[in-house]
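Chain residues, written in single-letter form:
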Amino acid sequence: MNTGFNTRKNKTRKGWTLTALLLITVLVLSACGSKATTDNGGDAAAPASNELEQIKSAGVIKVGMMGTYRPYNFLNDKKEMDGFDADIAREVAKRLGVEVEFVSQEFSGLTPSLQSKKLDAIISQMTITDERKKALDFSDPYITNSVKIIVKEDNNDITTLEDFKGKTIGVGLGTNDETYLRNEVLPKVGDFTIKTYDDVISSLKDLDAGRIDATINNLYALKPIVDANGFKIKAVGEPIKSDQAGIAVRKDNPELVAALNDAIKGMKDDGTYNTIFKKWFNEEPAQ
């Protein structure tokens, strides 16, 4: 009698063991199947790992520029972004395999917009400086500009930086030229007043009207404005400095910077850059 009871108990234990093994097998297979679905692009697809991939995934790069700095960047008669910077941006986007979306705003607001991720890049004659490189990453330079002193046609008192003493000098707000005047020229030359502007044409209007004594800028930027408005102004002396502009992006974007550098190099190698440069400045770029 005891033998029969033990036999039935052993059979019951074996039955429970088999059931447990089957349940464990089902759970393991379900987990593997769920993981495989995720790994193969299921509901939990991995996000793009860097900003270059994010831009390519979106199919568009958002580029910030002033839109008031002819011939570099401005709105044409069709209210479309135009100019040297705009053509460079379009060509870069093309070589990245995406479209370009332009965002126009004052120069002083471009860096905050980039930092807050409203922009992917700035292509607006942003000079590469050590100070800016603390907050931004830059591509290789895509243009070099010579900066000169600009005065009224009848002004023969200002020909050098030393002549700024006691005068009022206009400059773009938040530009490298403003930093240069405040950090380098003021300490060396002595007291003079710096008046800032949100766009170039306003500073030239004040210069033409005698409300400021001089400004500093590069001749490429000034010529179309002077021609269009008939300002009686002139450039004097030798260039006071040369600036190199690059494409600015957020820090720690090595993949995006490398892709931008490849695009710029490719443009220069195949002649596209020269074509764009001659279109806007009627001369070959400096070598």
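Along each chain, the written sequence defines residue order, and numbers are assigned to residues from 1. The predicted nature of this model means local features are confined to residues of pLDDT at least 70 and side-chain atom pairs, given and counted, to a pLDDT of 80 or more, with totals for whole chains, interfaces and linings taken over all residues. Each side-chain value is derived from all of the structure's non-hydrogen atoms; neither hydrogens nor water enter the calculation.

Turning our eyes to something else, we now look at the overall build of the protein. Helix and strand definitions here come from DSSP, where helices need a minimum of 4 consecutive H or I residues and strands a minimum of 2 consecutive E residues; each element is numbered from the N-terminal end. The number of helices and strands found in the protein is 10 helices and 13 strands. Exposure classes here rest on a 1.4 Å probe applied to the protein chains alone. A residue is buried below 20% of its type maximum, exposed above 50%, and partly exposed in between. Residues counted as buried form 41% of the 287 residues belonging to the protein. Using a 1.4 Å probe, the Shrake-Rupley method yields the accessible areas, and only the shown protein chains count as cover for residues. In the structure as shown, the protein presents an accessible area of about 15,900 Å², 51% of it carried by carbon and sulfur atoms.

Another point: the sheet that holds strand β8 (residues 143-152). A pair of strands is considered paired only if DSSP assigns at least 2 bridges between the two. Strand order in the open sheet formed by five strands is β10-β9-β11-β8-β12, and the pairing between neighbours is mixed. Here the strands that pair on one side only, and so sit at the sheet edges, are β10 (193-197) and β12 (233-245). The mean inter-strand angle of the sheet, taken between neighbouring strand axes irrespective of direction, is 30°. Relative to strand β11 (residues 214-218), strand β9 (residues 168-172) is paired through two bridges, and the arrangement is parallel. Residue pairing for β11: Gly170 is matched across the bridge by Thr215. Angles here are taken between N-to-C directions and fall from 0 to 180 degrees, while the axes themselves are lines fitted to C-alpha atoms, restricted in helices to the stretch in contact.

Interpretation of the predicted coordinates at a detailed level should be avoided for regions scoring low in pLDDT. A residue-level look at the protein finds 83% of positions with pLDDT of 70 or above and a mean pLDDT of 87. Confidence drops under pLDDT 50 across residues 1-44; counting only partners more than four residues distant or on other chains, this segment forms two contacts. Per residue, pLDDT measures the predictor's confidence, with a range of 0 to 100. We call two residues contacting when some pair of their heavy atoms lies within 4.5 Å.

We count a salt bridge whenever a side-chain nitrogen from Lys or Arg sits within 4 Å of a carboxyl oxygen from Asp or Glu. Applying the stated criterion across every chain yields a total of 16 salt bridges. Arg90 is the partner of Asp87 in a salt bridge, and the nearest nitrogen-oxygen pair spans 3.4 Å. Residue Asp87 and its partner Arg90 are both found in helix α3 (residues 84-96); the two are separated by three residues, about one turn of the helix. For Asp87, a relative accessible area of 13% gives the class buried. Asp87 serves as the salt-bridge partner of Lys279, at 2.9 Å between the closest nitrogen and oxygen.

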